[in-house]
Amino acid sequence: GNIDDAWSLKELYMTNTWITGEIPLEFYDLDTLEKFECVFCGLYGEIPPDISGLTNLKELVLYGNELSGFIPSEFGELEKLEILDLSENEFTGEIPEQIGNCLSLRNFLVHQETADEGLSGPVPAFPNLSTIRIIDLSHNSLSGAIPDD
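Basis of the calculations
- Residues numbered from 1 in each chain as written.
- Predicted model: local features only at pLDDT ≥ 70, side-chain atom pairs only at ≥ 80, totals over all residues.
- Heavy atoms only, no water.
- Pairing = 2+ DSSP bridges.
- Helix = DSSP H or I, 4+ residues; strand = E, 2+ residues; numbered from the N terminus.
- Buried < 20%, exposed > 50% of the residue type's maximum accessible area, 1.4 Å probe, protein only.
- Contact = heavy atoms within 4.5 Å.
- Phe/Tyr/Trp six-rings, centres within 6.5 Å; stacked < 30°, edge-to-face > 60°.

Peer 1: Looking at this model, I keep getting lost on the sheet that holds strand β5 (residues 66-69). Mind explaining?
Peer 2: Read across the open sheet, the 3 strands follow the order β3-β5-β7; overall the sheet is parallel. Every other strand in the sheet has two partners, leaving β3 (44-46) and β7 (90-91) as the edge strands with one partner each. The pairing of β3 with β5 spans 3 bridges and is parallel. If you follow Y44 over to β5, its bridge partner there is E66.

If you want it as structure tokens, here you go:
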């Protein structure tokens, strides 16, 4: 079978598997998926706007891969998202303000391994995030004041 056959998949854990490669576009059609953890797997490439297709996603942990490009603003469409860990990848650009639309978000982590790598621009405001418990933006090149809201 292939990923198209996994229409009822709720959780997928692949930590330390070294499957390497890009996340297949068909993956983003798994609208039943609630948890995806792929830590130190050798994933590379960009996360496309299709991430918004994972409408039931609660936990996404992609720590320690080689994912690059911008963090897609479409993450803001994932209303059930509670944990988002994109740490120690190769993302560039700003943290999209749409992350503030994730009303269930508890943990938001995008720290880097060494100083002055990765993301740049201002620290975003999280105006609607009364549930937030952990924000880790360490070792990025962020600038400006910490927002009041």
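Okay, back to it.
Peer 1: What's the story with the pairing of β5 in this structure? I'm lost.
Peer 2: Every regular strand shows the same layout, with side chains that alternate between the two sheet faces. Burial along β5 is one-sided: L67 and G69 are buried, and none of E66 and S68, which face the opposite way, are. Note that β5 and β7 share 2 bridges and pair parallel. In the sheet register, S68 faces β7, and the bridge partner there is E90.

Peer 1: What should I look at first to understand the side chain of N107 in this one?
Peer 2: Along the chain, N107 falls in strand β8 (residues 107-109). For N107, a relative accessible area of 16% corresponds to the buried category. Not counting residues within four places of it along the chain, the set of residues in contact with N107 comprises E82, I83, L84, I132, R133 and I134.

Peer 1: Just to check I follow, could you spell out the packing of aromatic side chains for this structure?
Peer 2: What describes a pair of aromatic rings is the distance from one ring centre to the other and the angle between the planes of the rings. Under the counting rule described, the total for this entry stands at 3 aromatic pairs. An angle of 50° between the planes, with centres 4.6 Å apart, marks the rings of F27 and F36 as tilted. With a centroid separation of 5.5 Å and 85° between ring planes, the pair formed by F40 and Y63 is classed as edge-to-face. Of this pair, F40 sits in the loop between β2 (35-37) and β3 while Y63 sits in the loop between β4 (59-61) and β5, and the two are 23 residues apart along the sequence. The partly exposed category is assigned to F40, whose relative accessible area is 33%. Among the aromatic side chains, those forming a connected cluster through ring pairs are F27, Y28 and F36.

Peer 1: Whenever I open this one, unusual backbone geometry confuses me. Can you help?
Peer 2: Even without being glycine, T20 reaches a positive phi, approximately 35°. Position of T20 among the secondary structure elements: in the loop between β1 (11-13) and β2. Residue F40 is not a glycine yet carries a positive backbone phi of 50°.

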